[in-house]
Amino acid sequence: MTARPPAPGFAVIALLATLTAFGPMSLDLYLPAFPDIARDFDVDSHAVQLTFSAALLGLGVGQVVWGPLGDRYGRRGPLVLGIAVYSVASLLIAVAPSLPVMVALRFLQAAAGSVGIVLARAITRDLWRGPDLARALSTIMLVFMVAPILAPVLGVSVLAVASWPWVFVLLTGFGVVCIVGVLRLPETLPADRRTDHGVGGALRQFGTIVRLPGFVPYAVVSALGSVALFTYISSSPAVLMDGFGLSQTVYAASFAGIAGGIAVGGQANRRMLAVLSPRRVLRGALLVQWLGGLAVLVSALTEAPVWVYLPCLAVAIATVIPVNANAVALAIDPFPHAAASASALVGGAQQVLAGAAVTGLGALALDPSVATPVGITLAATLGMVSLTRAHMVGHD
């Protein structure tokens, strides 16, 4: 007999938020170590950025795999397996002999860890729906924003007493702690609600999902929101440490401050959802993101000081939760029996598109301080176009 799903209290939300933190923990914790990694492998910082792009790609590809597995075998088993592989891969990265090996292991690590992201959203869909689902996702994103606030600070702390491989030893421990948490979580997908299809059935399920009017436009909006976020994250070492000359400690503090702004945006999103529909909040957030990105671009082109550049950037990035939480909720809400598969498609689109955008912007001959707002503004513009498309097909 399947255990009854837990009451959706703060403990459950905290665990789900921790599982979604595999992304920011894996991506943000080692950012202050970019110069040290480049020096140890005798490459430039742009080459080290490949480890970031590989992780983004792994997060996207992995979610497409874990989603159908979560719908077929339940939530707990795939979670334990994926996090275990993540922990082993993290330990192997700590002893990687070269940058190409590190890039490959980063892909494996992220692909395995993406199980936490996709199945945390699926569990959320198991427990809530409608406006409650949007509020729950907003709360989860608000809680997991502690990860990007702490990650660079933890990274700097590790680097103060040890070399960069110990950052990945810390991630190994993070994985072990998450396994313990998952083992305490009862299964939320009863056997009678699971799918029984194989690879072919999973592909047909994906086809059914993407054909639903409105799913693709909302999934694209959420993916473009991730483009805005990861454009900033991936370029932040080059912009703030190399460009503005901030130390590792000041960089971590600045990063934490912007992450705190994201948390404020998440709290504002929860309050707005009490009186407005998710779609209206999403539309307003995209407009603020576009205006913020434009302000960052102007400050970069006019070579404004860092104390002007950073607040503008904080405004643009503070919209991450209102954009992503509402777009994801609108995309996956119609799929109570395929929540993991729908979540996987959304998450896969987020990471793959973000990885492609980060790689593409990196290939352009633009100063990183300019490339960042270009990516944010373009993502917001396309997001508003996609949201208009969702309205045209009549899905809200």
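Note that this is a predicted model, so its numbers are computed, not measured.

Q: Sorry if this is basic, but what is going on with unusual backbone geometry here?
A: With the exception of glycine, the majority of residues adopt a negative phi angle, and the majority of peptide bonds are in the trans configuration. Positioned with a positive phi, Asp 42 is a non-glycine residue whose angle comes to about 60°. Mapped onto the elements, Asp 42 comes out in the loop between helix 3 (34–41) and helix 4 (45–73). Backbone geometry at Glu 303 places phi at a positive 55°, although glycine is not the residue there. Inspection of the secondary structure puts Glu 303 in the loop between helix 13 (278–301) and helix 14 (306–317).

Q: Explain the confidence of the model for the protein to me, please; I cannot follow it from the model alone.
A: Detailed reading of predicted coordinates is not advised where the pLDDT is low. Looking at the protein as a whole, the pLDDT averages 84, with 91% of positions reaching at least 70. Averaged pLDDT values for the elements of the protein fall to 70 in helix 7 (residues 130–144) and rise to 95 in helix 5 (residues 76–94). Between residues 1–7, whose pLDDT stays under 50, and residues either more than four places distant or in other chains, the model counts 15 contacts.

Q: Please explain the nonpolar core as it appears in this structure.
A: A general feature of soluble globular proteins is that nonpolar side chains tend to end up buried together. Counting 120 residues, the largest nonpolar core has Leu 19 and Met 102 as the members making the most contacts within it. Setting aside its immediate chain neighbours within four residues, Leu 19 contacts Leu 79, Ile 83, Gly 116, Ile 117, Ala 120, Cys 178 and Val 182.

Q: Teacher, can you tell me more about a nonpolar patch on the surface here?
A: Where nonpolar side chains cluster on the molecular surface, the patch consists of Leu 57, Val 61, Val 65, Phe 107 and Val 352 and spans about 360 Å² of accessible area. It is helix 4 that contributes the most residues to the nonpolar patch, three residues altogether.

Q: Honestly, the packing of helix 4 against helix 5 in this entry has me stumped. Any pointers?
A: Helices that pack against each other are described as a pair by the angle of their axes relative to one another and the distance between those axes. Axis separation between helix 4 and helix 5 bottoms out at 8 Å; the angle between their running directions is 140°. The angle between helix 4 and helix 5 places the two elements in the oblique class. Residues Trp 66, Leu 69, Gly 70 and Tyr 73 of helix 4 form the contact with helix 5, whose participating residues are Pro 78, Leu 81 and Gly 82. Residue classes in the contact of helix 4 with helix 5 are distributed as five nonpolar, two polar and no charged.

Q: So what exactly am I meant to see when it comes to the packing of helix 5 against helix 6 (residues 99–127) here?
A: Axis separation between helix 5 and helix 6 bottoms out at 8 Å; the angle between their running directions is 155°. One finds that helix 5 runs roughly antiparallel with respect to helix 6. Handedness of the helix 5/helix 6 crossing: left-handed. Contacts from Pro 78, Leu 79, Gly 82, Ile 83, Val 85, Tyr 86, Ala 89, Ser 90, Leu 92 and Ile 93 of helix 5 reach helix 6 at Met 102, Leu 105, Arg 106, Leu 108, Gln 109, Ala 112, Gly 113, Val 115, Gly 116, Leu 119 and Ile 123.

Thresholds applied
Residues numbered from 1 in each chain as written. Predicted model: local features only at pLDDT ≥ 70, side-chain atom pairs only at ≥ 80, totals over all residues. Heavy atoms only, no water. Helix = DSSP H or I, 4+ residues; strand = E, 2+ residues; numbered from the N terminus. pLDDT = per-residue confidence, 0-100. Contact = heavy atoms within 4.5 Å. Core = buried A, V, L, I, M, F, W, Y, C linked by side-chain atoms within 4.5 Å. Buried < 20%, exposed > 50% of the residue type's maximum accessible area, 1.4 Å probe, protein only. Patch = residues over 30% accessible without salt bridge, like charges linked within 9 Å, V, L, I, M, F, W, Y side chains within 5 Å. Areas by Shrake-Rupley, 256 points an atom, 1.4 Å probe, with all protein chains shown as cover. Salt bridge = Lys/Arg side-chain N within 4 Å of Asp/Glu carboxyl O. Axes fitted to C-alpha atoms, helices over the stretch in contact; angles between N-to-C directions. Parallel < 35°, antiparallel > 145°, perpendicular 65-115°, else oblique. Nonpolar A, V, L, I, M, F, W, Y, C, P; charged D, E, K, R; others polar. Left-handed = near helix turned anticlockwise from the far one by under 90°.

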